[in-house]
Amino acid sequence: GAIAAGHKQTVEAAELALREGGNAFDALISAVAADCVVEPALAALGGGGFAIVRPASGRPKVIDFFSHTPQQKCPENELHFHGIEVDFGAAVQEFHVGRGSCATPGMVAGLFSIHESLGSLPIRELFTPAIGFAAKGVEMTPFQSYTINLLEAIYRSQPTALASFSSPADSQSLIGEREILRQGELADSLEALAYEGADLFYKGEIGQRLVNDMSAGGHITLDDLADYAVDVREPIEVRHNSWHLFSNPPPSSGGTLIAFALKLLAIDEREHAAVGTPEYLHRLVEVMRLTSQARLEAEIKGDVPLNRTLLDAEFIEVWRNK
């Protein structure tokens, strides 16, 4: 098998699943669980995601376990919701944080759904690397230290968040490069989920604690958790040169935008500049710029799904000419 991930220990978790006789979906589950531990600024049990999968016998499909909008609004005068700024160096961007910014998590439901339909090894085995990483601790890589400190305003917005990700040497500073991040409570939660299943998160103690916390200015209720459901969707398909790609369909916009950009790039091969040349990069940037413009034009229509507008042959031809 081949594994691509953003952290060495994420790869180790997936590799162990394959070496133990698991399939690609077992490796995926083990990797994502590990990712929630070793890349905590980028993945979490309280988040969500998508998986584009292709069983050995069958067509590709998209498993959508993205976060859901809560069903009821907290009164505005009680809402715990405020803006913070993140300085990326070249740009400063505003984000909104607080309990009122939280959506109904889908990560746990997604991992258990993939395991139920496609996995082969016991989920306890698949969660074991993540549990070990959380309990024993992981060394902060330069990139992980950078992502956590980049989001300093978010971590400092709650004392419990700062305590969870503070430096072992200085409780008032965020964890730094080469320091060890230990997450004992996360290890306990992962172990409990491995034995008790997703209901612990959506109908049991973890869910109850989440909802109790949300009572101080958040939207999520026990009904939101109990009603959460994973969706399985038909992917967007696009051919590009010799490649046949499958990507995420609406309501996500990313797959549609990638398909549109590839169709703009699909001009006679003789016109293609070599990859990496200034000509190639200029053309690629121009396509990305036009894709952003086309998205805005398509979204103005509002009542028409983005993929039906952007992937219409006549619409594509107009923008290809540009």
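Since this is a predicted model, take the numbers as computed values, not measurements. (Residues numbered from 1 in each chain as written. Predicted model: local features only at pLDDT ≥ 70, side-chain atom pairs only at ≥ 80, totals over all residues. Heavy atoms only, no water.)

## Describing a nonpolar patch on the surface
Taken together, the side chains of Leu42, Phe88, Phe143 and Tyr146 make up a nonpolar region of the molecular surface, amounting to roughly 430 Å² of accessible area. When you line up the elements, Tyr146 lands in helix H5 (residues 142-150). (Patch = residues over 30% accessible without salt bridge, like charges linked within 9 Å, V, L, I, M, F, W, Y side chains within 5 Å. Areas by Shrake-Rupley, 256 points an atom, 1.4 Å probe, with all protein chains shown as cover. Salt bridge = Lys/Arg side-chain N within 4 Å of Asp/Glu carboxyl O. Helix = DSSP H or I, 4+ residues; strand = E, 2+ residues; numbered from the N terminus.)

## Regarding the sheet that holds strand E1 (residues 49-53)
Ordered in space as E1-E2-E7, the three strands form an open sheet in which the pairing is antiparallel. The two strands at the open ends of the sheet, each matched to only one other strand, are E1 and strand E7 (231-233). If you compare each strand with its neighbour and ignore which way they point, the axes differ by 20° on average. Relative to strand E2 (residues 61-65), helix H3 (residues 107-118) is tilted by about 145°, and along the sheet it contacts E1 and E2. (Pairing = 2+ DSSP bridges. Axes fitted to C-alpha atoms, helices over the stretch in contact; angles between N-to-C directions. Contact = heavy atoms within 4.5 Å.)

## A look at the nonpolar core
Ranked by internal contacts, the top residues of the largest apolar core, which has 61 residues, are Val37, Val108, Ile114, Phe127, Leu190, Leu193 and Tyr202. Sort the elements by how many residues they give to this core and helix H2 (residues 24-38) lands first, with nine residues. Val108 has contacts with Leu45, Leu193, Ala198, Phe201 and Tyr202, leaving out every residue within four places of it along the chain. (Core = buried A, V, L, I, M, F, W, Y, C linked by side-chain atoms within 4.5 Å. Buried < 20%, exposed > 50% of the residue type's maximum accessible area, 1.4 Å probe, protein only.)

## Looking at the pairing of E1
The alternating pattern of E1 places Gly49, Ala51 and Val53 on a buried face, while none of Phe50 and Ile52, on the opposite face, is buried. Summarising the sheet, E1 and E2 pair through five bridges and their orientation is antiparallel. Bridge pairing in E2 places Val53 opposite Lys61.

## Quick notes on the packing of aromatic side chains
Tallying each qualifying case throughout the model produces nine aromatic pairs. Where Phe112 meets Phe127, the ring centres are 6.0 Å apart and the plane angle is 75°; that geometry is what we call edge-to-face. Highlighted residues: Phe112 in helix H3 and Phe127 in helix H4 (residues 123-136), separated in sequence by 15 residues. The class of Phe127 is buried, set by a relative accessible area of 2%. Relative to Trp319, the ring of Phe315 has its centre 6.1 Å away and its plane inclined at 40°; by these criteria the two rings are tilted. (Phe/Tyr/Trp six-rings, centres within 6.5 Å; stacked < 30°, edge-to-face > 60°.)

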